[in-house]
Amino acid sequence: MILVTGATGNIGSALLRELYAHGARPLRALTRDVSRAAFPAGVEAVEGDLAVPESLEPALTGARSLFLPSRVGPDAEIIVAARRAGVEHVVLVSSITALTHPHLGPAAENLAVERLLKDSGMAWTVLRPTQFASNALLWAPSIRAGETVRTPFADTGLPTIHPADIASVARVALTEPGHRGRTYALTGPEPMPARRQVGAVAAAIGRPVPFTEIGRQEARPWMAGVVGEKDADAVLDVMGGDANEELLAVRDTVRHVTGTPARPFRQWAMEHADAFR
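Residues numbered from 1 in each chain as written. Predicted model: local features only at pLDDT ≥ 70, side-chain atom pairs only at ≥ 80, totals over all residues. Heavy atoms only, no water.

Caption draft 1: Looking closely at the side chain of Ser13. For Ser13, the location among the structural elements is in helix α1 (residues 10-21). Within the local environment of Ser13, its side chain forms a polar contact with the backbone oxygen of Gly9, the two atoms lying 2.6 Å apart. Excluding residues that lie within four positions of it along the chain, Ser13 makes contacts with Gly6, Ala7 and Thr8. (Helix = DSSP H or I, 4+ residues; strand = E, 2+ residues; numbered from the N terminus. Polar contact = N/O pair within 3.5 Å; in protein donor to acceptor, adjacent residues only side chain to side chain. Contact = heavy atoms within 4.5 Å.)

See the structure below:
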């Protein structure tokens, strides 16, 4: 039994589809509201909330493998509950900032979760993805309204990753040998600064999108509204305020693990064009 938490999210939903397509059975999906979730036929949907560890017992019972995004709920309690339920292997989604910016608050929290998992007695695989392509959805309201996209660090070339590529690596780690005890840094196939991302969205929707670069201080109030006051400066550092060579490096890990090259940002933009129209 493989349990996918965050099953309606960007990674979890793609992971369920991949597992199902590759014949992985049985499959169980954790969702906060079973009545609103749509999963492939044969996937067992179980209601629960990572933020409420005591609600996870029905989902964890009988599960042998677990897909878990970090920092969604109280990770220490979730890991203890998984171990108690007999889970043998956990694939954890952490962040590349655990490698590149371990001094930042969110990265330190991810490192702490990684250590908890490694000390738990369960087998583990840690995925450390870079910036998600789906973060571009934060611009969707402005683009739909025909307004100018305003962002700092317009030409910082983060190698943005398609969430489906994180799912592909997770699927392999959950179902194939050789990935336990491994940590994978995951990126997209090329540097994709914000200016180019907006250009790719414009091409996908078939109309120009006005764009302007703003300064960090101007961007900070907006960022605090998105991620909270505590994490705003850390996110701005990773967006470009403190970008370093490790953060900007393009890695071929997706192809190495899955046998298929990482998807380009323009593919993600085409797949999600309706969100920007």
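Caption draft 2: View of the pairing of strand β4 (residues 65-69). Most of β4 sits out of view: four of its five residues are buried. As paired strands, strand β1 (residues 2-4) and β4 are joined by three bridges and run parallel to one another. Note on β4: the bridge partner recorded for Leu3 is Leu66. Pairing of β4 with strand β5 (residues 89-93) involves five bridges; the strand directions are parallel. Paired with Leu66 across the two strands is Val90, which belongs to β5. In this view, the connection linking β4 to its parallel neighbour β5 by way of helix α3 (residues 75-85) has right-handed handedness. (Buried < 20%, exposed > 50% of the residue type's maximum accessible area, 1.4 Å probe, protein only. Pairing = 2+ DSSP bridges. Right-handed = clockwise from strand over helix to strand, strands pointing away.)

Caption draft 3: Focus on the nonpolar core. With 30 residues, the main nonpolar core has Val4, Leu15, Leu19, Phe67, Leu127 and Leu186 as its most contacted residues. Considering each element in turn, this core owes the most residues, eight residues, to helix α7 (residues 163-175). Apart from the residues within four sequence positions on either side, Leu15 is in contact with Val4, Phe67, Ala167, Ala170, Arg171 and Leu174. One finds Val46, Leu56, Val87 and Val126 within the second-largest nonpolar core, a separate group that totals 22 residues. (Core = buried A, V, L, I, M, F, W, Y, C linked by side-chain atoms within 4.5 Å.)

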